[in-house]
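Below are the chains, spelled out letter by letter.
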Amino acid sequence: MTILRFSRVAMRSLVVGGALLLASACGTTYQLPDSSGAHADQARAMFAAARNAPRPAALSAAAAEARFARVAPRIARTGRSTCQQLTADRPGFNCDVDIAIDRDMKERNAYFTYQGKQPLIRISLPLIRDTASDDEVAFVLAHEYGHLIGRHIEKQQQQVLAGALLVGAIAGVATAAAGDYDGGAVELGLGVGAAAGSIAYSQAYELESDTLGTRIADAAGYDPVEGAKFFARAEPSRGSGGGYSFWGTHPPDEKRVATVLATKAEIDAQQDLRRAQ
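Residues numbered from 1 in each chain as written. Predicted model: local features only at pLDDT ≥ 70, side-chain atom pairs only at ≥ 80, totals over all residues. Heavy atoms only, no water.

Draft legend 1. Here's a closer look at the confidence of the model for the protein. Considering every residue of the protein, the mean pLDDT works out to 78; 68% of them sit at 70 or more. Contacts for the low-pLDDT stretch residues 1–6, under 50 throughout, to residues beyond four places or in other chains number 13 contacts. Long-range and interchain partners of residues 181–201, a stretch whose pLDDT sits below 50, account for 44 contacts in this model, where long-range means more than four residues apart. (pLDDT = per-residue confidence, 0-100. Contact = heavy atoms within 4.5 Å.)

Draft legend 2. Focus on the state of the cysteines. Per the stated rule, a full pass over the model turns up one disulfide. Sulfur-sulfur distance for the disulfide between C83 and C95 comes to 2.1 Å. With the S-S dihedral at roughly -70°, the linkage between C83 and C95 falls on the left-handed side. Of this pair, C83 sits in helix α3 (residues 61–86) while C95 sits in the loop between α3 and β1 (98–102); the two residues are 12 residues apart in sequence, bridging distant segments of the chain. Overall, the relative accessible area of 0% leaves C83 in the buried class. On the accessibility criterion, C95 (3% relative accessible area) is buried. (Disulfide = S-S within 2.5 Å. Helix = DSSP H or I, 4+ residues; strand = E, 2+ residues; numbered from the N terminus. Buried < 20%, exposed > 50% of the residue type's maximum accessible area, 1.4 Å probe, protein only.)

Draft legend 3. Summary view of helix α2 (residues 38–52). The first and last C-alpha atoms of α2 sit 21 Å apart over 15 residues, in line with the 21 Å expected at 1.5 Å per residue. Residues of α2 that are buried include every one of A43, M46, F47 and A50, and no others. Taken around the axis of α2, the buried residues stretch over an arc of 105°, which confines them to a single face. Looking at α2, the residues exposed on the side facing more than 90 degrees away from the buried face are A38, A45 and N52. If you follow the buried residues of α2, they end up packed against α9 (224–228) and α11 (254–268). (Expected span 1.5 Å × (residues − 1). Arc of directions from axis to C-beta.)

Draft legend 4. Examining the nonpolar core more closely. Membership of the largest hydrophobic core comes to 48 residues, with the highest contact counts inside it found for I75, I99, I123, L141 and Y145. The dominant element in this core, judged by the number of residues it contributes, is helix α5 (residues 134–149), at nine residues. In contact with I123, not counting residues within four places along its chain, are F68, A100, I101, D102, N109, A110, I128, V137, V140 and L141. (Core = buried A, V, L, I, M, F, W, Y, C linked by side-chain atoms within 4.5 Å.)

Draft legend 5. Examining the side chain of T78 more closely. Take T78: it is sitting in helix α3. Of the residues examined, T78 reaches a relative accessible area of 15% and is grouped as buried. From its side chain, T78 meets the backbone oxygen of R74 in a polar contact 3.0 Å long. Leave out the neighbours within four places in its chain, and T78 touches I216, A219 and A220. (Polar contact = N/O pair within 3.5 Å; in protein donor to acceptor, adjacent residues only side chain to side chain.)

Draft legend 6. Representation of α11 within the structure. With 15 residues, α11 should reach 21 Å at 1.5 Å per residue; the first-to-last C-alpha distance of 21 Å fits that figure. Here α11 lies mainly inside the structure; 11 of its 15 residues are buried. Where α11 is buried, its residues contact α2, α5, α8 (202–219) and α9. Positive phi appears at Q270, one or two residues downstream of α11, with a value of about 60°.

Draft legend 7. Quick peek at the packing of α3 against α5. Running from N to C, α3 and α5 cross one another at 30°; their axes reach a closest spacing of 9 Å. On the basis of their axis angle, the class for α3 and α5 is roughly parallel. Every pair of crossing elements has a handedness; the one defined by α3 and α5 is right-handed. For the pair α3 and α5, contact is made by R67, F68, R70, V71, A72, I75, A76, G79, R80, T82, C83 and L86 and by D134, V137, A138, L141, A142, Y145, L148 and I149, respectively. Of the residues that constitute the contact of α3 with α5, the class distribution is 14 nonpolar, two polar and four charged. (Axes fitted to C-alpha atoms, helices over the stretch in contact; angles between N-to-C directions. Parallel < 35°, antiparallel > 145°, perpendicular 65-115°, else oblique. Left-handed = near helix turned anticlockwise from the far one by under 90°. Nonpolar A, V, L, I, M, F, W, Y, C, P; charged D, E, K, R; others polar.)

What follows is the structure in structure tokens.
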């Protein structure tokens with residue numbers, strides 16, 4: 001075990017620095033719409049209806065491929081245009097996302113990630129086969145595009161670092177103050193902090209992606225409200241193979257449906273996105 005040696009002043013600096021980094025990394029880039037009131041009521045009814053609706057018949061592999069081929073180019077064009085408009089103040093920001101089917105993934109899932117500096121959106125064929133309309137595939141892809149524009153991977157990485165620094169330093173300060181400095185407690189704190197930081201504010205990021213995804217799907221000519229019904233289905237978080245399903249990485253929530261409804265109302269009222277304060 002590596003024993004970390006910090007003075008109390010250094011540890012206090014880590015606490016302050018970690019707290020500042022965590023605060024700067026955890027917020028959304030854009031204001032979320034007010035999803036209370038009528039939007040919440042409508043979402044509750046829509047959520048319940050989606051959960052009680054009969055499961056749609058699975059598409060054939062050929063039909064799923066055709067659905068993806070119809071939808072993906074339109075979302076790619078609109079997503080790129082939206083991204084370029086919203087990131088005009090970030091020189092060098094890469095809005096050219098490689099969107100494709102992940103043919104190795106057996107679970108019903110979709111995700112956003114980077115390969116080097118290249119942003120990627122991947123969706124599995126089993127998920128596409130499970131969709132009831134082009135609107136649902138469009139919304140899933142547009143939602144993943146929202147993670148790019150919201151810089152959620154970068155922010156999550158900052159949260160992991162900040163959480164590790166903050167909890168690790170607090171552990172060191174606490175044991176040192178007790179007159180028994182424990183380097184092991186610091187290392188344990190670093191691990192716990194990283195784990196906590198990696199999941200902190202994930203709901204806020206999902207809601208921000210829902211907001212951005214609603215606008216992208218709508219601009220591409222799809223119905224984001226119909227598309228969001230896919231999120232409301234009752235499904236296990238893990239597939240038969242043990243891997244996470246879409247519902248394990250994107251937990252269903254009435255608030256998410258309400259956010260889509262509220263965003264669509266803003267679009268209809270010609271209200272633009274607003275930067276978070």
